[in-house]
Amino acid sequence: MKIIDINLTNRKIKRIDDDKLDNYLGGVALATELFTKNCKPNIDPLSKENVVVFANGPLTAAFPTASKTVAMFKSPLNGELGESYAGGRMASALRFAGYDGIIIRGSASHPVYIAIHDDNITIKNAELLWNLRSVFAVGRILRDVEPQGPGRRSFVRTGRAGDRSIKYANLNVDNYRHFGRLGLGTVFSSKKLKALVIEGTKDFQFPNMKAYKKAYRDIYNHLRDSDDMDKYHILGTAAGIKPINAMGALPTRNFSSGTFEHVDKTSGEYLAENLLLRKIACSQCPIGCIHIAYLRVPYKKEEYDVETTFVPYDYELIYALGSNLGIDNANDVLRLIEISDRNGFDIISLGGILAWATDAYQKGLVSITDSMGAVFEFGNTINYLTVIELIIRRENDFYHTLGEGIDVCVEKYGGEEFAVRIGGQTPAGYMTGPASIIGHMIGQRHSHLCNGGYSLDQKLFGKSFTPEKIVDELIKEEKWRQILNSLVICLFAKKVFNLSRTIESLESIGRKFTKEELHKLSHETYEKKNAWKKATGQNLTTSKLAARLFKFKTPHGFLDKDFIQQAISYYSQLTEIPLS
Ligand code: SF4
């Protein structure tokens, strides 16, 4: 494996070429090994001791949908292991530059960015990019100032949310993809690191081109013929809004209901019919699920004087800044997405905090003096737009607190009964039943993508199950995802990359792994992450689950706290992660 090791404190750059790392396959298994060896669990996530590791996978740039990069870091939002994934061109640009991973450590004395052009790696001044009002402007400037060769280029950068140390700042990748959750943008900014530019021009060969072409064709054909993939291409993940709403599982007005009466004006179908501009894809992806809408907003006071911008949308964003805030039309949802995206927020976190703040304001926990005159009410787009700007500016103590994450908000202002949070962050928008909640709790990064609990709920409709069965199924799925995330394929294609196709595709490019070796690696990666998390002092608790969650009628009925407690106790016995 070839790794770039960059120390921002002393500006030393090492290139590591270590065959022993080949046993880690790539992606999350490699990142876990590099991260846990280089970052101590008890460090301050915003200190120079924090380490960021990026890794692409063995199939990157070789197979369709092997398009993602994994990032690992200590999260400033919840103090646990930060693990995040993004598509775009980053993984393939790094592959064509000749590398499998990057380690970034230390912290610079002034804003910088890292430019990787094959083996020419430099640290450059980024003072003029700091605090720019738009993350897209940062991208445009970097595209202009960096040498433009024939290679694949990727531009990764923070927005103002990161520059102002909002704890849930994201990292933007090539405009429309993100390392969204757990505050990687905040960690970048704490290192005074504004951006990463990667360009690769190298080529690579496989030992047996005939076997490679056969394996490629097999995977490509399955992707092309799968109905699941059609859904992602036609409507994108926003295809899920209507069905999840129909089953009563779409969080609405801060999880006070599972059905949204304005769903017809905010659904994937509505957006596709009325506002969709184009669809794009990550590198090497034939699906193209990224849906971009156009948004016309008044520019000045005169009639017809409008500015048109392009806004990516998906299921999670429509839930977080749409139904969960009671926004009744797609244009307003896009306006909220646009300002949040332009400033580099993790939108699921921002939407969850705005939803909590709305209830806190309505119940008198937050005064109009705290809110500086802004009126928090569900459905009020103009006020939410104002409030987002005030959070970015950290305008007073209240808005500063909103930038610190949901746990700090509750500590300071109360409202735990309606603060919907799991593992220090607000969850994804699937109130499908107990597996979704348990999955978020025991998932190693508290994401719906750790183990797909929401999907398990749907498989369990009409069946009987126990807390232990749910936990066993979730762990089994999460362990298998260690392999998919080591290939760093897009999880939308997870059904196509079954065990035999995984082994065959790896073999075709000269990376031989047996079924037993893959299972061993998935188990070891899972355990290594748990051990590191345990060493941070992580424990499991149901005490922070909002009372509101138990008043929500999911498709499986009302959630039972004892059932969830039983599941968590069982998980604690299996993993030895303590309960509190
Ligand atoms: S399906 Fe979508 S997110 Fe996944 S690789 Fe393709 S374009 Fe990217």
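Residues numbered from 1 in each chain as written. Predicted model: local features only at pLDDT ≥ 70, side-chain atom pairs only at ≥ 80, totals over all residues.

**Section: the domain arrangement of the protein**
Part 1 of the argument: Under the domain assignment used here, the protein contains domain 1 (2–200) and domain 2 (234–386).
Part 2 of the argument: In this structure, domain 1 and domain 2 have C-alpha centres spaced 28 Å apart.
Part 3 of the argument: For the side of domain 1 that touches domain 2, the secondary-structure elements that each account for two or more residues are α2 (90–97), α3 (135–145) and α4 (160–163).
Part 4 of the argument: When residues in the side of domain 1 that touches domain 2 are grouped by element, the largest group, 3 residues, is from α4.
Part 5 of the argument: In the side of domain 1 that touches domain 2, the residues fall into 11 nonpolar, 13 polar and 5 charged. (Domains from an automatic or database assignment. Helix = DSSP H or I, 4+ residues; strand = E, 2+ residues; numbered from the N terminus. Nonpolar A, V, L, I, M, F, W, Y, C, P; charged D, E, K, R; others polar.)

**Remarks on unusual backbone geometry**
Part 1 of the argument: Phi angles above zero are rare outside glycine, and Leu 25 is one such case at about 65°.
Part 2 of the argument: Of note, Ser 165 is a non-glycine position whose phi angle comes to about 60°, a positive value.

**Re the sheet that holds strand β15 (residues 306–313)**
Part 1 of the argument: A sheet is described by the order of its strands in space; here 3 strands give the open sequence β13-β14-β15, paired in antiparallel fashion. Each of the sheet's edge strands pairs with one partner strand only, and the pair in question is β13 (276–280) and β15. Between one strand axis and the next, the sheet turns through 30° on average, direction left out of account.
Part 2 of the argument: One ladder, built from 8 bridges, connects strand β14 (residues 290–298) with β15; its direction is antiparallel. Residue pairing across strands places Val 297 opposite Glu 307, the latter belonging to β15.
Part 3 of the argument: Strands β14 and β15 of the sheet are contacted by helix α11 (residues 330–343), whose axis makes an angle of about 85° with β15. (Pairing = 2+ DSSP bridges. Axes fitted to C-alpha atoms, helices over the stretch in contact; angles between N-to-C directions. Contact = placed C-beta atoms within 7 Å.)

**Concerning the sheet that holds strand β10 (residues 171–173)**
Part 1 of the argument: Read across the sheet, 6 strands follow the order β8-β7-β12-β9-β10-β11 without closing on themselves; strand pairing throughout is mixed. Strands at the two margins of the open sheet, each flanked by one partner only, are β8 (120–125) and β11 (177–179). For this sheet, the mean angle separating the axes of adjacent strands, direction not counted, is 20°.
Part 2 of the argument: As paired elements, β10 and β11 share 3 bridges and run antiparallel to each other. Bridging across to β11, Asn 172 finds its partner in His 178.
Part 3 of the argument: Docked against the sheet, α2 engages β7 (112–117), β9 (152–157), β10 and β12 (193–200), running at close to 60° with respect to β12.
Part 4 of the argument: Sheet strands touched by α3: β9, β10 and β12. Its angle to β9, the strand with the most contacts, is close to 140°.

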